[in-house]
Structures are given as C-alpha cells and as structure tokens.
Amino acid sequence: MGNILFISDRLEKIQQYTNIFNRKPYNFTVVSDENVILETAELNSPDVIILDYKFNNIKKNIKNLKSIYNSTAFVLLTPSQGLEQDLTKYINAFITEDLSEDLVLSTINVNLRTKQSLEQLSATNKNLADSLYRLNVLYSTSSQFAGSLDKEKLVDYMIEGLDKSLSFDLTCTLAFCTDTEPVLILNSLYELSEELVSAIKLRTILNYKSLFENKTPPFEIDIEKLKVIKTVKYPANRFTFNLFQYDNMFAPISLGDNFFGCIEIFKETPFTSDDATCFQTIAQQVSLPLKSATLYQEIMETNLKLEKLERLKSEFISIVSHELRTPLTAIKNSLDILSSGRCGDLNEAGNKFLAMAQRNVQRLSGIINDLLDLSKIEAGKMDYHFTNMNIHSVIEYVKFALSGVAREKGLNLIAEETANLPEIYADSQRLEQVLTNLVSNAIKFTPEGKNIIIRSHIARAEQLKAPDCFKDDIKKLNGEYIVVCVEDEGIGIAEKDLLRAFDKFAQIENSLSRKIGGSGLGLPIAKQLLEAHNGTIWCDSELNKGSRFYFAIPVSKVPSKMEVSVN
Ligand code: ADP
C-alpha cells in the first residue's frame, strides 16, 4: 500500500512500530542515524515519514526532508501530552506515544490514502495541462496554416508544431514543394554525421516507396540528387546512440487527394498514444492549406501568363495600328487629290465611289486612333495636360464641332446653360474626346427629328443617382463633382446591357448598332480617361425611349493659375 520511513533512535519505539508495519502492504524502513536520513529516504521514496519527537535536531531534519519531499505526508510521534507547537506547521498529522496500535494504523492509512489521492490528482492535472498545451499548439499551428499560401512555409509550420507538442529528436520530411524536385528536410536536435544523413536518405526513399506498395510511385527519386535541408538545434553535440533504435512514427502528407510527401519523426523516449494522435492530426491538418497553396500557385501562374498575353496583345495592337496609319494617310491624301479635281473630273459614278472611299477611310482612321489610344492608356503611356478649367469650354467646343453632323441627320443638338460652375482640374482635350464620343453616339443612335441635350450641374457624391450596376463606381466618389449628361431620344439600351456597353469591343445586340458599326472602344476609352481624372462614367437608359450618359469630374482643389503636366 505504501512506503513508510520511520526516523527514531529509541529502540522500544523502533520495535513497537516495526511490529505494526513490518508486513504487507507496507514497505517499512527505519533510520536511526541522522547522517543517512536523506540517503535512506532517496532509496525508499517514502509516502509517509514518521518522525520521533525525541530524535536529534528534529526540526532541522523535518525542514530538510520537507524541502525535498514536499508531497510526502509527515507524521510526528509526540508525547502523550504537550505537543511541541513549533513543529505543527511542518506536519500533516501526529500520533501520541500512548495511542493504540489500531489508531496508529488508521492514522497512517488515512495519510497514505491522502498522499495517493493527491498523487492521482496531480497526475490528472498534469495530463489535463498537457492536453491543454497540445490543444493550444494545434490551434496556433492551424492558425499559422490558415495564414499562409507558401508550401515551404506550411511545411516549416508543421514541423514547428510537432516540435512544440512532441519535442522530437529528429524529423525527416520528404516534400514535393515543386512538381518534380523533392527535398528532404531534416530538423534535428544534434548534429548528424554524413553517414547518418546518407542512411536517412535511403530510409526515407524506402518509406516513400512503401507508401505505394506494388504500384510505381508518382516520382522517381535519385538518392544522389536528393536535396537535403538540415536544421540543427544544438550543433555542438552529436547523436551518440543509433537513431534508428529510437521510437519513431511515420505518416504520409497529402495534398487534397494527391501525394505531397511523408514525414518520419524520432524520439529517444517512447511516444504515447496521445503523441500519435497529435502527430497524425498535424500531418493531416496541413493537407488542406497545401492544396490551397497549390491552387494559389496555379492561379498566380495563370495570371502571369494572362498578363503577358495582355501585354503582347497591347503591343500587337500598337504596332499594327502604327503600321496601318502610314498607308492609310497615303490613301487619304490620294483620295483628297482625286476629289480636288487636280487629276481631272470624275463622272457621277466615280464621284460616288470616291465619296464612299473617303467615308470608309475616315471610319478606319477613327478605329485606328481608338486602338492607339486604348493601347497607350493600358500601357500607362497616355499624356495628360491637367489645368484648372471650366467645363463650359468643353461643352461649347463639342457643340460647335458636332452641330453640323447633327443638323445633317435632322437632329437638334442643344447645350443647356448652367451659370457659374466651379472649375475642374482636368485635361480639356481628353474631356473633349469623351464628350465628342458621347454626343457622336447619341447622334448615331437617335432617329431623325429628335433632340440631343447636353446638361451640366454640380452635385455632391452622395446625391448622384445611377442604376444598380454602376453603384460600386459611384460609391468610390467623395466630395463635389461637376456632372455632365448627354441625353438622347434614341434606340436606348436594355438594362442587362448597360454595363456591357463599357466593355472593350462591345456592341450591343441590335440591328442599328450592327449596321452603323464602330470600334466598340469609345466608351471604354472614355471610362479610362475619366478614371485618370478621379471621375467616373455611367448611363441610364430605356429601350426604344432614349439614353442618358453621365460623367462626373471632381471640383478642382488645386489653386488656379497652376498648370501641371502628367505623363
Ligand atoms: P462604338 O464606337 O461602337 O459606338 P462605344 O464604346 O462608343 O463604341 O459604344 C459601345 C456600344 O454601346 C455601341 O455600339 C452601342 O451598341 C451602345 N451605345 C453607346 N451609346 C449609345 C446610345 N447613345 N444609344 C444607344 N446605344 C448606345
């Protein structure tokens, strides 16, 4: 039942207590020499120490023992009367000299049981603390996993988590962080000799092959070429025992449904079943983030390819447009000479064909200019000349430039007056380009006899109203804006097509826009030009009733008289 150490040098007491306890289930040891108390206690690991109050230096001896055996029960054998008060604080119980054998036995038994219960409690507490610590490690490891999309880092976190929860002597992780090149990551407590590293390499490859039983493993590993990354905690020491006789655990690491690698872990002392659960959990937990990391890597690679393609496309457009511009100018000049009559008069049919050729050359040069503009904007090479300016001048210019075209088509182009609009900080030429495009579209898509109205006003960002599909663009605005609106009574755009009108090369499905043709680049160019002004563009339309295209430019905050050029 328990170990009892009896400290006394009185023969009759030794005799008496030996008679009581010298039988099972007790393991009774007597010590009478003060000099060997500690030595005897160490051999005996006492659950209860009974001290005779008559023993030499009793207080000092209790104190010494107590400092080492603080969970042992101390019982003092005291005189029938007159317990020395000074000693009571060091002892758990006392027995008087005249106590009957039964009472002595029961007092000691109670103390033995208490001591054993305390021991069980503290073992349970320790297990609980261990489990809590492991849970914490698992939690922090999984948070680290969740925060990373880098496969090498994920493997590091896994090993770090294992080190904290299992304190291993060595881990050998075979990882396929890239598609073809495996790497063997060794994390070791002490230095590993070259022979040991070679042995570990071989062992890991065999482990790897064993995972696929009779099937061929997905990758062939060349032992000579296998790259080793070694981290040693205490490089001044070397392993003295045969590592392979240490306790070990092994687990594959998967990448979703695919193979990623495997890990073997060694420890000098045996692993418990809790260790095994913890090991399996961490090795499994890393699987999902590894899969995300792979997907992320694939997305990044695809993005890079797409970016490259986009760049190539822009370059291609830019080169082709430049190449087309030269012969087109030559054609245009030749047509102009023909129409000037310098080469003689043409007959009626000839004039008709000439006019048709001139119209198409103009259309083609418009398309080429749009292509060049877009490629410049996308390459960030568009020149802007920002100044403090008034939107009225832009509206006046466009009205003047397009009134003739509108009149020819039987349309009424009106610019409504708005008095005293504050200045904006903008590139007037680019804004003229934007407004020209909007009014040209209005002219293109509005039947004869109708009105096209250009309006302008000032509004705060939160007052701006747009269909839901433009809400995100409007939300980005902040402060005061000059808003310009081009309203027509034309064919309109269906709600589902509103956003698409701003896509590159978009032509909304309707007979008119097909017939009229165009580059489909005017609106995307306008959008990008306005974004360069910290503004935006949107439209509101109803099929067969008409459209309202709006754009907003922030009211100038730069002091007037200051002109800035931005390349
Ligand atoms: P395009 O040069 O082809 O006109 P845009 O980018 O300027 O290119 O316009 C894209 C498409 O949006 C047009 O082809 C047309 O289908 C539609 N669209 C633009 N403005 C209007 C409008 N005022 N009324 C009706 N549809 C329009």
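On a predicted model such as this, the values are computed, not experimentally measured, just so you know.

Asker: In this structure, what is going on with the state of the cysteines? I would like to understand it.
Answerer: Working definition: the covalent bond between the sulfur atoms of two cysteines is a disulfide. In this structure the tally under the stated criterion is 0 disulfides. Cysteine Cys177 is unpaired, with the sulfur of Cys262 as its nearest cysteine sulfur at 12 Å. Overall, the relative accessible area of 7% leaves Cys177 in the buried class. Free of any disulfide, Cys262 has its nearest cysteine sulfur in Cys172, 9.4 Å distant.

Asker: Would you mind going over the pairing of strand S10 (residues 258-267) with me for this structure?
Answerer: Looking along a regular strand, one sees the side chains alternate between the two faces of the sheet. Of all 10 residues that make up S10, 9 are buried, and the element is covered over most of its length. Bridge count between strand S6 (residues 170-175) and S10: 6 bridges; the pairing is antiparallel. Across the sheet, the residue bridging to Cys172 is Glu264, located in S10. Pairing between strand S9 (residues 247-255) and S10: 9 bridges, direction antiparallel. Across the sheet, the residue bridging to Pro252 is Cys262, located in S10. Remark: 2 residues form the turn of the hairpin made by S9 and S10, two consecutive strands paired antiparallel; Gly256 in that turn has positive phi of roughly 65 degrees.

Asker: Just to check I follow, could you spell out helix H2 (residues 37-44) for this structure?
Answerer: An α-helical segment advances 3.6 residues per turn. Residues three or four places apart therefore align on the same side. Along H2, the positions that sit buried rather than exposed are Ile37, Thr40, Ala41 and Asn44. In an axial view of H2, the angular spread of the buried residues amounts to 100 degrees, which keeps them on one side of the axis. Turned more than 90 degrees away from the buried face of H2, the exposed residues are Glu39, Glu42 and Leu43. Next to the buried residues of H2 lie strand S1 (2-7), strand S2 (26-31) and helix H3 (58-68). Following H2 by one or two positions, Ser45 adopts a phi angle in the positive range, close to 40 degrees.

Asker: Looking at this model, I keep getting lost on the sheet that holds S1. Mind explaining?
Answerer: As a general point, the strands of a sheet are linked pairwise by backbone hydrogen bonds and lie either parallel or antiparallel. Taken in spatial order, the 5 strands make up an open sheet running S2-S1-S3-S4-S5, and their pairing is parallel. On the outer flanks of this sheet lie S2 and strand S5 (93-96), each paired with one strand and no other. Pairs of neighbouring strands in the sheet enclose a mean axial angle of 20 degrees, with direction left out of account. Inspection of the sheet shows strand S4 (residues 73-78) paired to S5 by 4 bridges, in the parallel sense. Residue pairing across strands places Thr78 opposite Thr96, the latter belonging to S5. The sheet strands contacting H2 are S1 and S2, and the helix crosses S1 at an angle near 170 degrees.

Asker: For this particular structure, what's the right way to read the confidence of the model for the protein?
Answerer: Fine structural detail should not be taken from predicted coordinates in areas where pLDDT scores are low. Taken over all residues, the pLDDT of the protein has a mean of 89, while the share at 70 or more is 95%. In this model residues 560-567 is a low-confidence stretch, pLDDT under 50, and it forms 17 contacts with partners more than four residues away in sequence or in other chains.

Asker: What exactly am I supposed to notice about the nonpolar core here?
Answerer: Nonpolar side chains in soluble globular proteins tend to be buried together. Of all hydrophobic cores here, the largest spans 62 residues; its most connected members are Ile391, Leu431, Leu435, Val439, Trp538 and Phe551. Take this core: its biggest share by element is 7 residues, from helix H12 (residues 428-444). Once you skip the residues sitting within four places of it in the chain, Phe551 turns out to touch Ile391, Val434, Leu435, Leu438, Ile482, Val483, Val484, Leu530, Thr536 and Ile537. Counting 29 residues, the second largest nonpolar core, distinct from the first, contains Tyr157, Ile159, Ala175 and Val183.

Asker: Whenever I open this one, the pairing of strand S8 (residues 227-238) confuses me. Can you help?
Answerer: Judged from the 8 bridges that link them, strand S7 (residues 183-191) and S8 form a sheet pairing that is parallel. Paired with Asn187 across the bridge in S8 is Thr231. For the handedness criterion, the β-α-β arrangement of S7, helix H7 (residues 194-210) and S8 is classed as right-handed.

Conventions and cut-offs
- Residues numbered from 1 in each chain as written.
- Predicted model: local features only at pLDDT ≥ 70, side-chain atom pairs only at ≥ 80, totals over all residues.
- Heavy atoms only, no water.
- Disulfide = S-S within 2.5 Å.
- Buried < 20%, exposed > 50% of the residue type's maximum accessible area, 1.4 Å probe, protein only.
- Helix = DSSP H or I, 4+ residues; strand = E, 2+ residues; numbered from the N terminus.
- Pairing = 2+ DSSP bridges.
- Arc of directions from axis to C-beta.
- Contact = heavy atoms within 4.5 Å.
- Axes fitted to C-alpha atoms, helices over the stretch in contact; angles between N-to-C directions.
- pLDDT = per-residue confidence, 0-100.
- Core = buried A, V, L, I, M, F, W, Y, C linked by side-chain atoms within 4.5 Å.
- Right-handed = clockwise from strand over helix to strand, strands pointing away.

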